[in-house]
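Below, each chain spelled out in residue letters.
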Amino acid sequence: MGQAGARGPYARTPARKAEIVRAARDSFAENGYAKASLRDIAERAGITHAGLLHHFRNKDELLAEVLTQRDADEWQQGVAQVDSPDQLAPYLGELIRHHQKAPELMRLWIELAAAASRSDHPGHAYFVERYERGRAQFAEGLQDDTDRGRLRGDISPESAALLFHAVLGGLQLQWVLDQDLDIVGPATDFVHLLFDRDHAGE
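Residues numbered from 1 in each chain as written. Predicted model: local features only at pLDDT ≥ 70, side-chain atom pairs only at ≥ 80, totals over all residues. Heavy atoms only, no water.

K.L.:
Please explain the layout of surface pockets as it appears in this structure.
P.N.:
Gaps between atoms show up when a probe of the same size as a water molecule is rolled over them. Taken as a whole, the largest pocket spans an internal volume of roughly 1000 Å³. If you trace the largest pocket, you find 39 residues lining it, with Trp75, Gly134, Phe138, Phe164 and His165 closest to the centre. Listing elements by their share of the lining of the largest pocket, those giving two or more residues are α4 (59-81), α5 (88-100), α6 (103-115), α7 (124-140) and α9 (157-177). The leading source of residues in the lining of the largest pocket is α4, at eight residues. The volume enclosed by the second largest pocket comes to roughly 470 Å³. What lines the second largest pocket is a set of 21 residues, among which Arg25, Val66, Arg70, Asp73 and His98 lie closest to the centre. For the lining of the second largest pocket, the elements supplying multiple residues, two or more each, are α1 (13-31), α4 and α5. (1 Å grid on protein atoms, 1.4 Å probe; cavity = no way out; pocket = protein on both sides within 12 Å on 5 of 7 lines; lining within 4 Å. Points joined across faces, edges and corners; volume = space filled by probe spheres on them. Helix = DSSP H or I, 4+ residues; strand = E, 2+ residues; numbered from the N terminus.)

K.L.:
Where do I start with helix α2 (residues 38-45) in this structure?
P.N.:
Because each turn of an α-helix spans 3.6 residues, side chains separated by three or four positions end up pointing in the same direction. What α2 keeps buried is the set Leu38, Ile41, Ala42 and Ala45. Across the axial projection of α2, the buried residues extend over an arc of 100°, all falling on one side. Along α2, exposed side chains directed more than 90 degrees from the buried face belong to Arg39 and Glu43. Next to the buried residues of α2 lie α1, α3 (49-55) and α4. Looking one or two places after α2, you find Gly46, whose phi comes out positive at around 75°. (Buried < 20%, exposed > 50% of the residue type's maximum accessible area, 1.4 Å probe, protein only. Arc of directions from axis to C-beta. Contact = heavy atoms within 4.5 Å.)

K.L.:
I tried to follow α6 on my own but got confused; where do I start?
P.N.:
Its 13 residues place the ends of α6 18 Å apart at the C-alpha level, agreeing with the 18 Å of an ideal helix rising 1.5 Å per residue. Along α6, the residues classified as buried are Glu104, Leu105, Met106, Leu108 and Trp109. Tucked inside the fold, the buried residues of α6 contact α1, α4, α5, α7 and α9. (Expected span 1.5 Å × (residues − 1).)

K.L.:
Would you take a moment to explain the nonpolar core for this structure?
P.N.:
Side chains of a nonpolar character, in soluble globular proteins, are inclined to be buried together. Ranked by internal contacts, the top residues of the largest apolar core, which has 26 residues, are Leu92, Ile96, Phe138, Ala160, Phe164, Leu194 and Phe195. Going through the elements one at a time, α5, α7, α9 and α10 (184-195) are the ones with two or more residues in this core. The leading source of residues in this core is α9, at seven residues. Non-local contacts of Phe138, meaning those with residues more than four positions away in its chain, are made with Leu88, Ala160, Ala161, Phe164 and His165. Counting 24 residues, the second largest nonpolar core, distinct from the first, contains Ala24, Leu52, Leu67 and Phe127. (Core = buried A, V, L, I, M, F, W, Y, C linked by side-chain atoms within 4.5 Å.)

K.L.:
I tried to follow the pattern of salt bridges on my own but got confused; where do I start?
P.N.:
A side chain with one charge can pair with a side chain of the opposite charge if their charged atoms come near. Scanning the entire structure with this criterion turns up 11 salt bridges. With its nearest N and O atoms 2.6 Å apart, the salt bridge here joins Asp71 to Arg130. Residue Asp71 is found in helix α4, and its partner Arg130 is found in helix α7; the two are separated by 59 residues along the sequence. As far as burial versus exposure is concerned, Asp71 and Arg130 are alike and both buried. (Salt bridge = Lys/Arg side-chain N within 4 Å of Asp/Glu carboxyl O.)

K.L.:
Just to check I follow, could you spell out the packing of α1 against α4 for this structure?
P.N.:
Each packed pair of helices is defined by two parameters, the angle between the axes and the distance between the axes. Two numbers describe how α1 lies on α4: the axes approach to 9 Å, and their chain directions differ by 95°. If you check the angle between α1 and α4, you find them roughly perpendicular. Residues Ile20, Val21, Ala24, Arg25 and Phe28 of α1 form the contact with α4, whose own contacting residues are Lys59, Leu62, Leu63, Glu65, Val66 and Gln69. Here the residues of the contact of α1 with α4 sort into seven nonpolar, one polar and three charged. (Axes fitted to C-alpha atoms, helices over the stretch in contact; angles between N-to-C directions. Parallel < 35°, antiparallel > 145°, perpendicular 65-115°, else oblique. Nonpolar A, V, L, I, M, F, W, Y, C, P; charged D, E, K, R; others polar.)

K.L.:
What exactly am I supposed to notice about the packing of aromatic side chains here?
P.N.:
Each aromatic ring pair is characterised by the separation of its centres together with the angle its planes make. Counted according to the given criterion, the structure contains four aromatic pairs. Here Trp109 and Phe127 contribute two aromatic rings whose centre-to-centre distance is 5.0 Å and whose plane-to-plane angle is 50°, an arrangement assigned as tilted. Taken together, the residues span a long stretch of sequence, with Trp109 in helix α6 and Phe127 in helix α7 at a distance of 18 residues. For the pair formed by Trp109 and Phe127, the shared burial category is buried. When the ring of Phe138 is compared with that of Phe164, the centres are 4.7 Å apart and the planes differ by 25°; the resulting orientation is stacked. (Phe/Tyr/Trp six-rings, centres within 6.5 Å; stacked < 30°, edge-to-face > 60°.)

Set out below in structure tokens:
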């Protein structure tokens, strides 16, 4: 007879890891990274502390996975919802409002990105690759002749991609410092500056 499926606390490893990551995200958002504990995360995920350590060695690894998963989810949502410049501003506003529901995660992201600017930081390569990929994907989305024609003539797709990430990151940093600040409106204005000079109202 063939061997039976995996049993015990390490069964269904991918599904279990996903549960742990969701639990960690919730714990970080509610308690902050410093106060969140591996035992609390394990309890939320319905496993033992030892079971959690089978999947993640420490809280740093969990934070990296939470942020990586958020990246992947948002990229999939963007691909599904944005297939023309007209849809970019509404999606960006929705994305910012979603981030604002978990300000602690936004703060952690900003802090980790800044720390990873050091070449010897363990997250350095990840952040470099992440931004390179993000810029390439944004610029690639403007290679279609119709969409490229709607971009301001004096801005290249590559510059637009760099500006997009800089503005999004900078606005979110300002909001973390002052949560009464409206950043959805300025983000929408920025997208219009990129695309709507000669095509307003289309």
